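Inside the fold
What follows is the residue order along each chain.
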Amino acid sequence: MKDLWNGRFDSDEDIDLRIWQIVKSFENIEEGFGVCFIGYDTDDGIRRNQGRIGAEKGPNAIRKAIQSFPIIENLKIYDYQNLKNKILEEAQKEYSTKIYNVIKKEIFPVGLGGGHDIVFASYNGIRKAYPDKKIGIVNFDTHLDMRPYENGASSGTSFKQILDIDENVKYSIVGFKKQGNTKRLIDTAKNYNVLILDEENDEKFINDELKKYLADTDIVYVTFCMDVFNASDALGVSAPTIMGLEPKKGKRILREIMESGKVVCVDFAEVNPEYDIDNRTAKLAGSLIYDVMNNLKK
């Protein structure tokens, strides 16, 4: 693990331990409550979607942002490392298998991206692990990502791909901005009964709508495209958003979702260190991940 995790060292005493000091490989999973990081280090889907490439370096940047955080009592931490395959379809297949393997070990998977095509991969792993459950997807994103895929998949097609093959899935988006979505995309979302929650919506309204939405699900998958946040907080993404979601508002909404006890997987996509400033976007993703880890339901 030293090639992926190596942070600040104070001592080997329990009271001083940081995350990098306790991370173990997935192959060394032990009995007990824990999380497992999985790197989706490809931006092939972003390239196909005509975005700014560089997110393949996102997973390691997020790890670096997390590695010196203090450990969380009684929470074991594992890492399934990065992908061997970087072509979109092969990467999704490999990653979905990893998601399934982690869930079957009763460990909570945390995906690190990479392109937002991580969504179709996460979904396939979750669906294999829970073949009969009603899945609620909550996407923190500026963009609906419901583009047609007749000419191939990309980072902008995952949600339409999922809804086209699975009637036992619901899709909601938090942080939507009209400026990032054409009428065709909005009409498509409406045709699929997508719950669209605008970035400008009041926080209480968003939480109330999500509670009603989550009540009609068995399990929940939460995904973040980091471009949902204001560009001043998350410049290192494929498509920066002016006047995007305020991070603390996003964190509070995420906590409400975690309180449901239904969340089985989270991931964070489109972290692009090539365009970041002082690793700000990776640090934001890392801070949100740490909050998830602190609010997991056993």
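All values reported here derive from a predicted model rather than from experimental measurement. (Residues numbered from 1 in each chain as written. Predicted model: local features only at pLDDT ≥ 70, side-chain atom pairs only at ≥ 80, totals over all residues. Heavy atoms only, no water.)

This brings us to the state of the cysteines. Between two cysteines, a covalent bond joining their sulfur atoms is known as a disulfide. A complete count under the given rule lists zero disulfides for this structure. The thiol of Cys225 is unpaired, and the distance to the nearest cysteine sulfur, on Cys265, comes to 16 Å. Residue Cys265 stays outside any disulfide, its sulfur separated by 11 Å from that of Cys36, the closest cysteine. (Disulfide = S-S within 2.5 Å.)

To continue, consider the packing of aromatic side chains. For the coordinates displayed, the defined rule picks out nine aromatic pairs. Each ring, one from Phe159 and one from Tyr171, has its centre 4.2 Å from the other, and the planes form 0°; the classification is stacked. Here Phe159, found in helix 6 (residues 158–165), pairs with Tyr171, found in strand 6 (residues 169–176); they are 12 residues apart in sequence, far enough to count as distant. Across the pair, Tyr171 and Phe159 agree in class, each one buried. Put simply, the rings of Phe140, Phe224, Phe229 and Phe268 pair up and form one aromatic cluster. (Phe/Tyr/Trp six-rings, centres within 6.5 Å; stacked < 30°, edge-to-face > 60°. Helix = DSSP H or I, 4+ residues; strand = E, 2+ residues; numbered from the N terminus. Buried < 20%, exposed > 50% of the residue type's maximum accessible area, 1.4 Å probe, protein only.)

This brings us to the nonpolar core. Across soluble globular proteins, nonpolar side chains show a tendency to be buried alongside one another. Counting 52 residues, the largest nonpolar core has Val138, Phe140, Leu210, Val222 and Ile257 as its most contacted members. Membership of the second largest hydrophobic core comes to 40 residues, among which are Ile99, Val169, Ala189 and Tyr221. (Core = buried A, V, L, I, M, F, W, Y, C linked by side-chain atoms within 4.5 Å.)

In this section: the sheet that holds strand 1 (residues 24–25). Spatially, 1-3-2-4-9-8-5-6-7 is the arrangement adopted by the nine strands of the open sheet, whose pairing is parallel. Edge positions in the sheet fall to strand 1 and strand 7 (195–198), since each has one partner strand and no second. Here strand 1 pairs with strand 3 (residues 76–79) via two bridges, running parallel. Among the inter-strand pairings, Lys24 is bridged to a residue of strand 3, identified as Tyr78. In this fold helix 8 (residues 203–215) packs onto strand 5 (135–140), strand 6, strand 7 and strand 8 (219–225), with an angle of close to 165° to the strand it touches most, strand 7. (Pairing = 2+ DSSP bridges. Contact = heavy atoms within 4.5 Å. Axes fitted to C-alpha atoms, helices over the stretch in contact; angles between N-to-C directions.)

Before going further, it helps to spend a moment on the pattern of salt bridges. Close approach of charged atoms allows side chains of opposite charge to pair. In the structure shown here, the tally under the stated rule is 24 salt bridges. The closest approach of N and O atoms between Glu30 and Lys24, which form a salt bridge, is 2.6 Å. Judged by relative accessible area, which is 33%, Lys24 ranks as partly exposed. Two residues, Asp216 and Lys134, come together in a salt bridge whose shortest N-O distance is 2.8 Å. Placement of the pair is Asp216 in the loop between helix 8 and strand 8 and Lys134 in the loop between helix 5 (118–129) and strand 5, with a sequence separation of 82 residues. By relative accessible area, which is 40% here, Asp216 ends up partly exposed. One network of salt bridges, in which partners are shared, links Asp43, Asp44, Arg47, Arg48 and Glu89. (Salt bridge = Lys/Arg side-chain N within 4 Å of Asp/Glu carboxyl O.)

Take helix 4 (residues 88–104) next. Taking 1.5 Å of rise per residue, the 17 residues of helix 4 would be expected to cover 24 Å, and the 24 Å separating its terminal C-alpha atoms lies within 8% of that figure. Among the residues of helix 4, those classed as buried are Leu88, Ala91, Gln92, Glu94, Tyr95, Ser96, Lys98, Ile99, Val102 and Ile103. Buried residues belonging to helix 4 abut strand 2 (34–40), helix 2 (44–48), strand 4 (108–113), helix 5 and strand 9 (263–269). After helix 4 finishes, the residue Glu106 shows a positive phi value of roughly 60°. (Expected span 1.5 Å × (residues − 1).)

Take the environment of Asn201 next. Residue placement: Asn201 occurs in the loop between strand 7 and helix 8. The spacing of Asn201 and Gly175 is 26 residues in sequence and 8.5 Å in space, taken between C-alpha atoms. Among the polar contacts listed, one links the side chain of Asn201 to the backbone nitrogen of Asp198, at a separation of 2.6 Å. (Polar contact = N/O pair within 3.5 Å; in protein donor to acceptor, adjacent residues only side chain to side chain.)

What follows deals with the pairing of strand 7. Only one face of strand 7 is buried, namely the one carrying Leu195 and Leu197, since none of Ile196 and Asp198 on the opposite face is buried. Both strand 6 and strand 7 contribute to a ladder of four bridges, which runs parallel. Paired with Phe176 across the strands is Asp198, a residue of strand 7. Crossover connection from strand 6 via helix 7 (residues 183–191) to parallel strand 7: handedness right-handed. (Right-handed = clockwise from strand over helix to strand, strands pointing away.)

We now examine the pairing of strand 3. In the sheet, strand 2 pairs with strand 3 via four bridges, with the strands oriented parallel. Residue Val35 lies in a different strand from strand 3, and its bridge partner there is Ile77.

Another aspect to go through is the environment of Gln179. Within the fold, Gln179 resides in the loop between strand 6 and helix 7. Taking the C-alpha atoms as reference points, Gln179 and His143, 36 residues apart in sequence, are found 9.1 Å from one another. Once residues lying within four places of it in the same chain are set aside, the contact partners of Gln179 are Thr241 and Ile242.

This part takes up helix 9 (residues 247–258). Over its 12 residues, helix 9 extends 16 Å from the first C-alpha to the last, a length consistent with the 16 Å expected when each residue adds 1.5 Å. For helix 9, the set of buried residues is Pro247, Lys249, Gly250, Ile253, Leu254, Ile257 and Met258. Sitting at the amino-terminal end of helix 9 is Glu246, which places a side-chain oxygen 3.1 Å from the backbone nitrogen of Lys248.

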